[in-house]
Structures are given as C-alpha cells and as structure tokens.
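Each chain is listed here by its residues.
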Amino acid sequence: MKDKILRELYEKKGQYISGEELSEKYQVSRTAIWKHMNALKKEGYVIETTHKKGYKLIESSGKLIPEALKRDLNTVEIGNKIIYFDTIDSTNNYSKRIAKDAAHGTVIISEEQSGGRGRLGRNWISPKGEGIWMSIVLKPDIPPTEGMKMTQIAAAAVCNAIRGVTGLEAFIKWPNDLVVNGKKVCGILTEMAGELTRIDYLIVGIGINANNESFLEEFQHIATSLAKEKGEKVDRKTLILHLLKEFEGLYEDYINQGTLEKTLAIIRNYSAVLGKSILVIRGEQQLKATVLGIDEEGLLEVKYEDGKRELLMSGEVSI
Ligand code: BT5
C-alpha cells in the first residue's frame, strides 16, 4: 500500500493529491492514508501536507523512487523488476534469499546496507542515501567457468555510465574496481550458485560511491566518491538508468555472440593497469609484474620479474 501511495505521489509530478481521492481509490480510511504518509516521511521522503489540498511529494527529497526508476528505465529484461529497500543487510545477501524464485534481471537496490560485503569476507561501507548499493540477479545458460565474465561486463558498464553521466575519467582496475584519480569509487562482487556444470543463478553486486561526503580515516587514501571528484552531487537515478542500460547491452552482446568483444574494447581502453607495473598479491606474497594485456576471456596477462608469464583469472593487484 505504501508503495502504491508513493507511486501516486510521484505520478502527480509535484502536484497535490487529496487524502480523499487516495482513500476512495484504495478503499482505505483517510487515517490509514495519513499513517502511510507518516511512514514515508519517516523513511526520508519529503511530503508537503496541507489541510485543503492534501499531499505533495517534493521531488528534491534526494531519495530514490523505485517507481520513477521503473518508469524511465529503457531496458528489455534488466530491471524489469526492481526491489527497493530503505535498509538491508546486503543486497547480495537478499538476492541470494530470493534468487531461486526471482526472474532473470531482477534488480535489488537499498539506500543503506548494514552488512555490505566485499570479496573474501571484507566489509563494504554503504552509508544511507549516499551511494548506489545494488545487485542484479542473472540466470544465463552458460557454464560456471564463464561466470566471472559478469564482473568484467559490469565493470565496463559502470565505467561507461560514470563517464557518460559525470564526465569523470573513470578507469577499471582489473578485476573488480573502478577508480577515479587513482582512488576507488566502485567495487563489484559477483557470486554464483549452481553445480559444476550448470549455473542456477549469478548475483552481480555493484557498489558505487556516488555522493559520499566523507570516508573513515583508514579509507581516505584509497576511496573517493564521484561527488568529491566532480565537486557536485551526482543524480543517482540517472546513473542507475545509464548503468542498467549499458549492462544489458554488453550482457546481451556476450550472450548472443558468445564473446566479450564490446566489453573487452571498454576494459582495455579504460584499463588502469594495462602496460603498468603492478604488484600481484597472493596472501602474504607480493610479486612485481608488468601487465601485458587482457585476453579474449577477460584474463589478465602478466609478466613477472623473472620473465615468467601468467594469466590471472581473479585476484588482487595493486598499482
Ligand atoms: C569489492 O570488494 O570491492 C566489492 C564491493 C561490492 C559492494 C556491493 S554493494 C551492493 C552489493 N551488496 C554487497 O553486500 N556487496 C555488493 P573488495 O575488492 O574485496 O574490496 C573491499 C575493500 O574495499 C575493503 O576491504 C575496504 O578496504 C575497501 N572499501 C570498503 N568500503 C568501501 C567503499 N565504500 N569505497 C571504497 N572502498 C571501500
């Protein structure tokens, strides 16, 4: 009911809607409508109320409005269903809970994550309303060995979306980070469930620091936000719409062609590591290497100091 009311408010495009109209339409009392309005206000929506005219949603409330996202999203499958939370432990965790019954392309977004996760059990800081904390549930008919390609597709999609929407020069730090001016603005966590030969579902978790104003001291030298780098706030809705559209295009290209062609062009063009000297981190070990290329499968080709070459499938690199 609350979501329906939010949609009604949104569709009025800044005009008033009366409590009476809503109560008649949904066959609930005006007190019930008033209670839902209060609940929405508590969640942070700015709603103007006057006795005579009713309720009006102030667009600049800064919150994402799922109905507005759905309406303006120009994709075929990705984001057909959007599930939105004010707060959740982790959008990836939630996705796992519903994935079995969820449609391919379902998108889960939360204003805040209380237990946002990075790789290998690390934390992902996800403060309320500041970033894009989002997961996409995918059900492709591909072998599990191909699953990690989703990270590359997502990285390419985020990179193009950030560049297109903000004009910032975002680069991809293989395999799952995006950096602006050398600091991390986005991390991607792809998780998979299935059997050895078959994928049940994939979850692509994307965390983008859109409008974070500050970071804990320990992260200040490694993390930044798009707003900090640009000097002005970024419209999260526009960024999400671009991102999902880009993602769908690259994903479909991969599924239809069976190759990563379009994705590779982006991740090579905007690579933060190609041709650079890096450290390949393996547990306690750090090995100096030069990045020779990104191969057709999205793997990183490196050459160590002793001349040995290796193709990295995943892992940690430091510039
Ligand atoms: C990642 O892991 O970069 C993957 C992050 C994925 C987050 C999304 S948000 C939506 C979805 N739901 C989830 O629960 N997760 C996904 P990794 O490469 O392991 O990097 C984690 C490291 O990045 C941490 O150990 C910190 O050092 C740093 N970090 C934590 N929060 C950060 C932030 N907001 N911005 C930049 N760096 C951060």
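Residues numbered from 1 in each chain as written. Predicted model: local features only at pLDDT ≥ 70, side-chain atom pairs only at ≥ 80, totals over all residues. Heavy atoms only, no water.

### Notes on the sheet that holds strand β10 (residues 277-282)
One open sheet holds the five strands; their spatial order is β13-β12-β11-β10-β14, and the pairing between them is antiparallel. Each end of this open sheet is capped by a strand with a single partner; those strands are β13 (309-312) and β14 (316-318). The sheet shows a mean angle of 45° between the axes of neighbouring strands, direction not considered. In the sheet, strand β12 (residues 300-304) pairs with β13 via four bridges, with the strands oriented antiparallel. Across the sheet, residue glutamate 301 finds its bridge partner in β13, namely leucine 311. (Pairing = 2+ DSSP bridges. Helix = DSSP H or I, 4+ residues; strand = E, 2+ residues; numbered from the N terminus. Axes fitted to C-alpha atoms, helices over the stretch in contact; angles between N-to-C directions.)

### Quick notes on the domain arrangement of the protein
Per the domain assignment, the segments making up the protein are domain 1 (2-61), domain 2 (66-269) and domain 3 (277-318). On a C-alpha basis, the centres of domain 2 and domain 3 stand 24 Å from each other. Contacts between the two partners involve twelve residues from domain 2 and, on the opposite side, 14 residues from domain 3. Carbon and sulfur atoms supply 54% of the area buried between domain 2 and domain 3, which totals about 1100 Å² over both sides. Per-residue buried area on domain 2 facing domain 3 is highest for Trp174, Leu264 and Arg268; these three make up 52% of the total on that side. (Domains from an automatic or database assignment. Contact = heavy atoms within 4.5 Å. Buried area = accessible area lost by both parts, 1.4 Å probe.)

### Considerations on the side chain of glutamate 191
Tracing the backbone through its elements, the reader meets glutamate 191 in strand β8 (residues 183-194). The exposure class of glutamate 191 is buried, given its relative accessible area of 14%. Of note is the side chain of glutamate 191, whose polar atom sits 2.8 Å from the side chain of asparagine 92. Not counting chain neighbours up to four residues away, the residues in contact with glutamate 191 comprise Asn92, Lys96, Arg117, Tyr201, Leu202 and Ile203. (Buried < 20%, exposed > 50% of the residue type's maximum accessible area, 1.4 Å probe, protein only. Polar contact = N/O pair within 3.5 Å; in protein donor to acceptor, adjacent residues only side chain to side chain.)

### Some points on the packing of helix α1 (residues 2-11) against helix α2 (residues 19-26)
The interhelical angle for the contact between α1 and α2, taken along N-to-C directions, is 130°, at an axis separation of 12 Å. Put simply, α1 runs oblique to α2. In this structure, α1 crosses over α2, and the sense of that crossing is right-handed. Across from Lys4, Ile5, Arg7 and Glu8 in α1, the residues of α2 making contact are Leu22, Lys25 and Tyr26. (Parallel < 35°, antiparallel > 145°, perpendicular 65-115°, else oblique. Left-handed = near helix turned anticlockwise from the far one by under 90°.)

### A short note on the site of the ligand
Close to the ligand lie 27 residues; Ser90, Arg117, Arg122, Lys184 and Asn209 are nearest. Between a nitrogen atom of the ligand and a side-chain N or O atom of threonine 91, the distance comes to 3.2 Å. Arginine 119 places a main-chain nitrogen or oxygen 2.9 Å from an oxygen atom of the ligand. Relative to its unbound accessible surface of 790 Å², the ligand loses 93% to contact with the protein. No other element matches β8, which puts four residues into the shell around the ligand. Tallied by class, the residues present in the shell around the ligand amount to nine nonpolar, 13 polar and five charged. (Near = heavy atom within 4 Å. Areas by Shrake-Rupley, 256 points an atom, 1.4 Å probe, with all protein chains shown as cover. Nonpolar A, V, L, I, M, F, W, Y, C, P; charged D, E, K, R; others polar.)

### Looking at the nonpolar core
Residues Leu178, Ile206 and Leu300 are the most contacted members of the largest nonpolar core, which totals 79 residues. Per element, the largest residue contribution to this core is ten residues, and it comes from helix α6 (residues 149-166). If near-sequence neighbours (up to four positions away) are discounted, leucine 178 is found in contact with Ala155, Val158, Cys159, Ala170, Phe171, Ile172, Lys183, Lys184, Val185, Cys186 and Ile188. With eleven residues, the next largest nonpolar core counts Ile98, Ile108, Val137 and Tyr201 among its residues. (Core = buried A, V, L, I, M, F, W, Y, C linked by side-chain atoms within 4.5 Å.)

### Notes on the environment of tyrosine 254
Take tyrosine 254: it is sitting in helix α8 (residues 236-257). Apart from residues no more than four positions distant in its own chain, tyrosine 254 is found in contact with Ile142, Glu146, Lys149, Met150, Ile153, Thr259 and Leu260. Within the structure, tyrosine 254 has its side chain in polar contact with the side chain of glutamate 146 (distance 2.8 Å).

### Here's the deal with unusual backbone geometry
Residue proline 175 follows tryptophan 174 across a cis peptide bond; omega there is 0°. Positive phi outside glycine occurs at glutamine 27, with the angle close to 55°. In this structure, glutamine 27 sits in the loop between α2 and α3 (30-42). Residues other than glycine seldom take positive phi values, yet leucine 120 does so here, at roughly 50°. Structurally, the position occupied by leucine 120 is in the loop between β4 (107-110) and β5 (132-138).

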